[in-house]
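# Descriptive analysis of the structure
Read off the chains here:
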Amino acid sequence: MSLLVVGSVAFDTIRTPDGKEYQDVLGGSCTYFSCAASYLADVRVVGVVGDDFGQEPIDLLEKHGVDLTGLEVVQGGRTFRWAGTYAENMNDRTTDDLQFGVLGGFDPKLPENYRDSDTVFLACAQPELQLKVMDQMRGSPLVVCDTIEFYIETAREALDQVLSRCDGVIINDGEAKLLTGESNVIRAGERIAKMGPRFVVVKKGEHGGVLLAEGQAWPFPAFPLTDVADPTGAGDSFAGGFMGYLSRKKSSDLNTLRRATVYGTALASYACQGISLNRLAALSKVEVEKRACDFAAMLRIPE
Ligand code: AMP
């Protein structure tokens, strides 16, 4: 099984409430996703960077077995940059700056061997770009997408097309509410399901999330952490664990989807424990399995 992801590969500037600023650290939806998913599946990346990206992040992803044949390096181009500031609760954040650079005009050409991937994740990126990737796939892969407030507000038409063609959506609560106009998370998820997808995961940050599938809502908590270093990429890491598990199990039936939320939660929690990808990229498969097992055990309530 092979898992294709398209999304942003970025340098992030992160400001935390203790007054610290981490400048131009490795980030991007595609980067977090592929690193998290690499513990569970074979990952293929479609993305773009400028020649300011350097070799170090490429080595890091390749060390995780991530296939970077589809990562275009534009000579003279500048890598996508995002900057954000976290509130005291380390959950709410504001976007301070967004510089698209080479991601702005990116016209992806999927390597021939990528087109047969059976699982596709359209990580947060321009919906037009997500559509271009879908158009190049052969067969009928399982396609799941994510988006962000920015595209709900600026590219709604293309985003509606993406949603109508997806099997699943992973989205956070604020975005789900903005997309549907519903203030209730379950109702928002149900409305999204009516736009096309068979299942919807609405993430609620430190409060976990809810999976909506087969007409039912399956809530799950977050892994309890006392210290959060940097929650950037937690959503993408959740998606990486979730999709990596579906890819590994070659299934998206209800039980597999429910179990996938356990792996998503485990990888998201690790992402929060380090700045940038520092903790996420330093894991072993054993640590991933252990946290998934510990979390699943927490969910079992004895009589
Ligand atoms: P998350 O914390 O899971 O929402 O993901 C944050 C990551 O998404 C950061 O590493 C950013 O580089 C990336 N990102 C932020 N805004 C955008 C955007 N408009 N398009 C694509 N990627 C973005």
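Each remark here, short or long, concerns the structure printed above.
Residues numbered from 1 in each chain as written. Predicted model: local features only at pLDDT ≥ 70, side-chain atom pairs only at ≥ 80, totals over all residues. Heavy atoms only, no water.

In this section: the site of the ligand. Contacts to the ligand come from 20 residues, most closely from Asp12, Gly28, Tyr151, Gly233 and Asp236. Contact between the ligand and Tyr151: a nitrogen atom at 2.7 Å from a side-chain N or O atom of the residue. Between Gly233 and the ligand, the recorded distance is 2.7 Å, taken from a backbone N or O atom to an oxygen atom. Expressed as a share of its isolated accessible area of 510 Å², the protein-covered part of the ligand is 93%. For the shell around the ligand, the secondary structure elements donating two or more residues are strand E2 (10-15), helix H1 (29-37), strand E6 (80-86), strand E7 (93-99) and helix H8 (234-249). Tallying contributions element by element places H8 first for the shell around the ligand, with three residues. (Near = heavy atom within 4 Å. Polar contact = N/O pair within 3.5 Å; in protein donor to acceptor, adjacent residues only side chain to side chain. Areas by Shrake-Rupley, 256 points an atom, 1.4 Å probe, with all protein chains shown as cover. Helix = DSSP H or I, 4+ residues; strand = E, 2+ residues; numbered from the N terminus.)

Moving on, we come to the pattern of salt bridges. All chains considered together, the criterion is met by 17 salt bridges. Here Asp107 ties to Lys132 by a salt bridge, and the two come within 3.5 Å at their closest N and O atoms. Residue Asp107 is found in the loop between E7 and strand E8 (119-122), and its partner Lys132 is found in helix H3 (residues 127-135); the two are separated by 25 residues along the sequence. The residue Arg165 makes a salt bridge to Asp135 at a minimum N-O spacing of 3.0 Å. Of this pair, Arg165 sits in the loop between helix H5 (156-164) and strand E10 (168-172) while Asp135 sits in helix H3, and the two are 30 residues apart along the sequence. For Arg165, a relative accessible area of 39% puts it in the partly exposed group. Taken together, the salt bridges that share partners define one network made up of Glu112, Arg115, Asp116 and Arg138. (Salt bridge = Lys/Arg side-chain N within 4 Å of Asp/Glu carboxyl O. Buried < 20%, exposed > 50% of the residue type's maximum accessible area, 1.4 Å probe, protein only.)

What follows covers the nonpolar core. Ranked by size, the top nonpolar core spans 61 residues in total, and within it Phe121, Phe242 and Leu280 carry the most contacts. In terms of residues, this core owes the most to one element, helix H9 (residues 254-272), which gives eleven residues. Apart from the residues lying within four places of it in its own chain, the contact partners of Phe121 are Leu4, Val5, Val6, Phe33, Val144, Cys145, Asp146, Ile170, Ala239 and Met243. (Core = buried A, V, L, I, M, F, W, Y, C linked by side-chain atoms within 4.5 Å. Contact = heavy atoms within 4.5 Å.)

What follows is about the side chain of Thr16. Here Thr16 lies in the loop between E2 and strand E3 (21-27). Among residues more than four places away in sequence, those in contact with Thr16 are Tyr22, Met90 and Ala229.

It is worth spelling out the layout of surface pockets at this point. One number sums up the size of the second largest pocket: a volume of about 260 Å³. For the second largest pocket, the full set of lining residues is Leu211, Trp218, Pro219, Phe220, Asn255, Arg258, Arg259, Thr261, Val262, Ala296, Leu299 and Arg300. Put simply, the parts of the chain that give the lining of the second largest pocket at least two residues each are strand E13 (216-220), H9 and helix H10 (285-299). If one sorts the elements of the lining of the second largest pocket by residue count, H9 sits on top with five residues. Residues belonging to the lining of the second largest pocket are distributed by class as follows: seven nonpolar, two polar and three charged. (1 Å grid on protein atoms, 1.4 Å probe; cavity = no way out; pocket = protein on both sides within 12 Å on 5 of 7 lines; lining within 4 Å. Points joined across faces, edges and corners; volume = space filled by probe spheres on them. Nonpolar A, V, L, I, M, F, W, Y, C, P; charged D, E, K, R; others polar.)

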